[in-house]
Structure formats: structure tokens, C-alpha cells
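What follows is each chain in one-letter form.
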Amino acid sequence: MAIGAVVARILTQYSDKGSKAAQKDIKKLGANIDKFAKKSAKAFGIAAVASAAFAAKIGKDAVQAAIADQKSQALLANSLRNTVGASDAQIVSVEKNITALQKQFSVVDDELRPAFGRLTAAFGSTAAAQEALQIALDVSAFASVDLATASDAIIKASQGQNKALSKLVPGIGAATLATKDFGKITDKVSKIVGGAAATRAGTLEGKMAGLKIAFGEAMETLGYALLPVLEKFATMLTTQILPKVEAFVALNKDKLAAGFALAADMAFKLLTSAIAFSDWCANNMGIVKGMAVLIAGMFAVGRIAAFIIAIQGIIGVMKLLQKTAIGAAIANAFATSGVSIALGAAALATVGLGAYTVSKMMNPEAETTVSKGISPRGNSKNRDFSVTPYTPVTNALSKFTTGLNDATKATKDKAINEAAAKKNLERQKMLSGSTSLAIGQGGKLYMPNSGRNVIVNVAGSVSTEGDLVTAIVNGIERTTRRSFGTVGAFDRMSAI
Amino acid sequence: MADEVIVLSGIKETLDALKEFDKDAVKRFNKVINTELAGAERDAKALIAGVAGYNDDNTPMSGWRKADAAKPSKTVRGGKGWPGWDTGVVQSGIKKTKVQGKVRGDYTTSAGALLNKTAAGAIFEIAGRKTKPGFGGGSGSQFLRTLANRFGKASRVVWRVVDKDKDRIQANVARALEQAKADLQKHLQGERAK
């Protein structure tokens, strides 16, 4: 169609495009409606919750108002019966009068009833009390005090005490007061304050108070409707539910008491154990940390059972070693057992902290030696113990255990040989009686006299204990760097 | 300008389906539309001819130049200046069309329309539809007033024809469409009988 031209359409038809657009629009409309519906439902839901809460509050307030009103009525009725011997009909009449006064002067019945009760007691009749109440209402409005104050002032005036009333109504006059004639005084007061209550009720404040009273009355009405339900519930609670609870308690009081005692005892024991455990942890923080790191590392590789078996093997061997020899003997055993230092060191490096912890647990004195022997040197990167591959660890552990077994056996053999050699020397000494000494090869051994230094001449090298430990450490570090990277356990161990 | 719109439904679908069975029926239907639109076009062109006969110089007004401005005012029509009135050109700008055009908000499109394509023809067609001539003069007031006095209110060419003949045209086309649908139905029933 030409652009910019005047187009006069003669024939018009529906279009596929139009239909699709229509469908799209309808779909969009539907989506919008759904959206609106969801929002509306949500909004209505919120409104429902709010209205439910509001309804609950109204119900609660209504019930409370009804209870208070019921209590107020009952108190007044009781007072009237006791003071003037009022009948039920009179009480009903008084209630009607109070209700009328409430509406007329916008004063709540909760104020009217006590005032009326006191006035009735003071004057001895409901009729006189009603007249006095009317005056009290006017005085209350005139002096802007509550009805109780006004009615008390009138009661005192009836008893010859005019001070309170004269303060509330200053224009009574000294002459009138001096007469101490309650009739004259009330007449004077009525002339001064007459109509004050009605005037106050006609003001905006009074109307608002009337509105509030009307609302309160509505609440009381609602509450009176709800009271039977609550009374029924309370009755059911007291007559059915509580007796069953009491019966259950009476029947099972011993068991309950025993149960409570047992629970208390268990709690005490648990607490005591916990305190003891915490004390032990505090005193053995190094072990705790070491074991924690060890277990954490093994958890990381996920083969706890295999590790425990391996550790048990190590512990057994180390216990055996403790019994036989430590230090240089172990180093010699390492050197002579056929297991390379590097391999053993690799195992130690892998389970360094575990071995350290175990050895520390078995022999606290060994701490110094071991901690000095495995110092945190070398690469500072990749110290995460948890990333150590498991298979090399178990393999190294296995080999290390085997190595220790062999070392133990060699140590024992050496000890036996030394004992045999000693016996042999003693025997030769006994035979030769010579004081010269030479330890040589070929099975000829000579024992020097006591107090002399011994020069040992053997094939290979002989190191001191410290040198051997240093060699082990170096081997550990070399192997660690080659095989596993740096093992963070060393650093953790040093931090302990 | 007529406000009411009579929408014909099923023109395209009917013709597409009918094309499979009876091309002559399609031709007959198209002939009806073409004839009606051609008649409308002819009437619109006749109106232009009548306008041209109002003055001796074959223009709607004596001051309306026959050719476009040599030095157009920059403020008129975006610098194109006032368009000249050439009766032949304006008549040639009156066209019938069956192009659908864009779909409107009421999901309809055109199945047949008259176009008034030239600038002079468009001005003559709709001048004064929106802007009413004032009493205090002004550059366009006299033009609009004269135009209205001589040729009536806006919608002076194609819309006038459409307003006049639309009902007849639509009735004829609708009748032809019903006939085409009946033909299609007949063919469909025949196919079903086979």
C-alpha cells in the first residue's frame, strides 16, 4: 500500500496475521489475568490473614470486655443486695437506668456502677442513690473530675464533710455550707452544676466518648455471645481434661519422679564426663590436635580401616622397638635391614604426624627426639594433607612397617650377637688375661679393660645418633619432595 | 468518511481452496472485485476531471500553480514546497488496490481500496478536515474556505466515491463471495461423494 497516500478502504477482511495477533493478545490477556488472579489471591490471602488476626483480636477484646462487664454487674448486684436488700427486679431496673445514663451522658457503665453502689450504700436506697448519681454526674462534668471523685465528695457532704465538694464546686457559698444541711447544699450544687453532664455529652469530646462507649457496648455484646462457648470450653477443661491429667499423674507419679531423677542423674554424669573430657583435652591439646589432623587426613583419603590396620602394625613394631632399643639402634637397624632410608622416610613423611602422635602417646620422652628429627623445612607450597594420594600412602606404610619389622629383628639379632660376643670376650679374657685391645674382623674380638675408650673399626661408616637422625630427616624431605610434594603434616606437627 | 466497517471473512481461504477445484470461479470472483474497484476508481478520476474544469487553467483555484515550485519554500512540506496541480498527474495518482497492507488494531486488513497518491490530490482530498478556516485570515484560511465553498468538505475525491458507492460495492463483493463459497462447497461435496 502506498505510503503517504490517502487510502479509502472499501473492502475489509480478517487477516491471518490479525488472527495470530488476536491470539497473542488473548494469550497475553490470559497471562495478565492469571497474574492478576495470583496477585489478587495473595492480596486476599494477606487480607484474610489480617482480617483473621483482627477478628481474633476483636474476639479477644470482646470477651475481655464482656467478662469485665459481667464482673461489674455482678459486683453492683451483690452490693445492692447487701446494702439495701434490692430484689432482682430492682437490680434490673438499676441496670436499665445505668444503661440509659451511659447513653445520655457518655459515661461508661464501669464508672457508673461503682459510683451507684457507693451512693446506694451511703444513702440507703436506690432512689436516693439515683438522684445523687445525677448530681455527681453534673459535678464530674463541671469540675472535670471522674465520677468516683464526684460521688465520693457528695457522700462526704452527706456525712457533713463539705470540704471536698466545696473544692469541686466553689460557688456553693460559705453560708450554705455552714448550715451543714445536705438538702440545701445539694440544691445549691444542682443550681450551679445542673446540666453540665448533658452539656459535656453534647460536645465533640462527649460525642467521641459516646462513640467509644457504643463500640465498647458492641464489643460486650459480641463477647456475651462468645462467653458461652468459652465457658463450655473451660468447663470441659476442668471437668474432663484436667481430671484425666491429674489421674495420670497420680497413677504414674513414682515413675515420673524416677524418670526425672534418672534423667537428672544421667545429665549429671554426662556433664561430669564432658568436664573431665574437656579437662583431658585441655591438658593434652597436642595429642588432640595431632589425632585430629591424622583422622582428618585419613578421612580425606577415605580409607580409614586400612589406615588403622597399618597404624596398628606401626604401633606394634614401635612398642617392640621401645622394648629393645631406641635411637642409634633404630638407625642402625634401618641401615642394616635392607630397607632404604628413603623408603622408610617416605612412609614417615606420609604418616609423619601419625607416627609422631603415636610415639608421643606411647612415650612422652620421645617427643624431643622425634620433633627435632622431623623439622618443617622445605617447600612451603601444597601443604594440604587431604590431597595426598591414598595408594602411595598405604604402600609406604606397608613398606615402612615391613622395614621396621626387619629392623626390629636385626636389632634383636644384633643384641644377641653382642651378648654372645661379650660372653666370648669374657671367656677369652679369662683365658688370655691380656690387657691389649683390638677389635678386628674375622670373628676375633678383644674386650678392653674397663675405663678405657674403645676405638671401633668396621667396614663402612659409623654415625652418631644425631647424625643418623639428620640423615633420616634429609631422606624424608628428599623423598617427600620427589614422591608426594610437601606433606603439610610436618608443618601442622610443628605448630602443635 | 464512513465509520462503520463491514468485514468480509474467508475471502483468502475461500479463494485458496477454490483455486484447487475451479479457477474460473476464482476468476469470476476477482472480476467482481476488480470491476467494482475499477468503477470506483473511474468515479474518483471523474471527480478530479470535474475539479479541473472549475477554472480555465484546469486547477481547483486560479492561484494553484500547475507545476511544482522551482524554488520551494523551506517551511512548506518539509522543503518540497507547494505541489503543483496537474490534472493528469493527480488522476494518475488515483489507483485501486487489493494489497492487504498492515493489519489494524481490529485485526482486519484491506481487501480492496482506492488510493489518492499525489501530494496535490491528497491536499485536495483532505484539506480542512482537521484545520478549520479562521475568521481573522491567516495563510491557509482563505484556501480552506474557498476549497470548502467550491468542492465541499474534506473527503473530496476517493473517500467521496467510497462513501457513495461503498455499500453497493460491498454488497456486490459479498454476494460474489457467497457464490464463491457455494462453489467451493459444491466442489467439496463432490469430492466427498467420490
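Before reading further, recall that the structure is shown in the block above.
What counts as what
Residues numbered from 1 in each chain as written. Chains lettered and ligands numbered in written order. Predicted model: local features only at pLDDT ≥ 70, side-chain atom pairs only at ≥ 80, totals over all residues. Heavy atoms only, no water. Helix = DSSP H or I, 4+ residues; strand = E, 2+ residues; numbered from the N terminus. Buried < 20%, exposed > 50% of the residue type's maximum accessible area, 1.4 Å probe, protein only. Contact = heavy atoms within 4.5 Å. Areas by Shrake-Rupley, 256 points an atom, 1.4 Å probe, with all protein chains shown as cover. Buried area = accessible area lost by both parts, 1.4 Å probe. Polar contact = N/O pair within 3.5 Å; in protein donor to acceptor, adjacent residues only side chain to side chain. Nonpolar A, V, L, I, M, F, W, Y, C, P; charged D, E, K, R; others polar. Salt bridge = Lys/Arg side-chain N within 4 Å of Asp/Glu carboxyl O. Lys, Arg positive; Asp, Glu negative; His and termini not counted.

Chemist: Looking at this structure, I do not really get the overall build of chain A. What am I missing?
Modeler: In terms of regular secondary structure, chain A is built from 19 helices and 1 strand. Of all 496 residues assigned to chain A, the portion counted as buried reaches 31%. Once local pairs closer than 6 in sequence are excluded, the contacts in chain A between residues at least 24 apart make up 68%. Total accessible area computed for chain A in this model is approximately 29500 Å², and 62% of it derives from carbon and sulfur atoms.

Chemist: In this structure, what is going on with the interface of chain B and chain A? I would like to understand it.
Modeler: Accessible area lost during the coming together of the parts is what is often quoted as the interface size. Chain B puts 39 residues into the contact, and the matching count from chain A is 19 residues. When chain B packs against chain A, the two sides together hide about 2600 Å² of surface, and 64% of this comes from carbon and sulfur. Summed over the shared surface of chain B and chain A, the number is 6 residue pairs in polar contact (both at pLDDT 80 or more). Looking at which element gives the most residues to the side of chain B that touches chain A, the answer is strand E3 (residues 108-116) of chain B, with 9 residues. Of the residues assigned to the side of chain B that touches chain A, the class counts are 22 nonpolar, 10 polar and 7 charged.

Chemist: Looking at this structure, I do not really get the pattern of salt bridges. What am I missing?
Modeler: Working definition: two side chains of opposite charge can pair if their charged atoms are close together. Under the criterion given, the structure shown has 11 salt bridges over all chains. A salt bridge links Arg113 of chain A to Asp109 of chain A; the shortest N-O distance between them is 3.4 Å. Placement of both Arg113 of chain A and Asp109 of chain A in helix H3 (residues 109-123) is noted, with a separation of 4 residues, approximately one turn of the helix. Here Arg113 of chain A falls in the buried class, since its relative accessible area comes to 3%. Across the pair Arg168 of chain B and Glu36 of chain B runs a salt bridge whose closest N-O atoms are separated by 3.0 Å. Taken together, the positions of Arg168 of chain B in helix H6 (residues 158-193) and Glu36 of chain B in helix H2 (residues 23-52) put the pair 132 residues apart, joining distant regions of the chain.

Chemist: Would you take a moment to explain the side chain of Arg156 of chain B for this structure?
Modeler: Residue and element names in this part refer to chain B. Assignment of secondary structure puts Arg156 in the loop between helix H5 (141-151) and H6. As a buried residue without a salt bridge, Arg156 has its nearest oppositely charged side chain in Glu125, at a separation of 7.6 Å. Not counting the four nearest positions on each side in its chain, Arg156 is found in contact with Leu47, Ile123, Phe124, Glu125, Ile126, Ala127, Leu147, Ala148 and Phe151.

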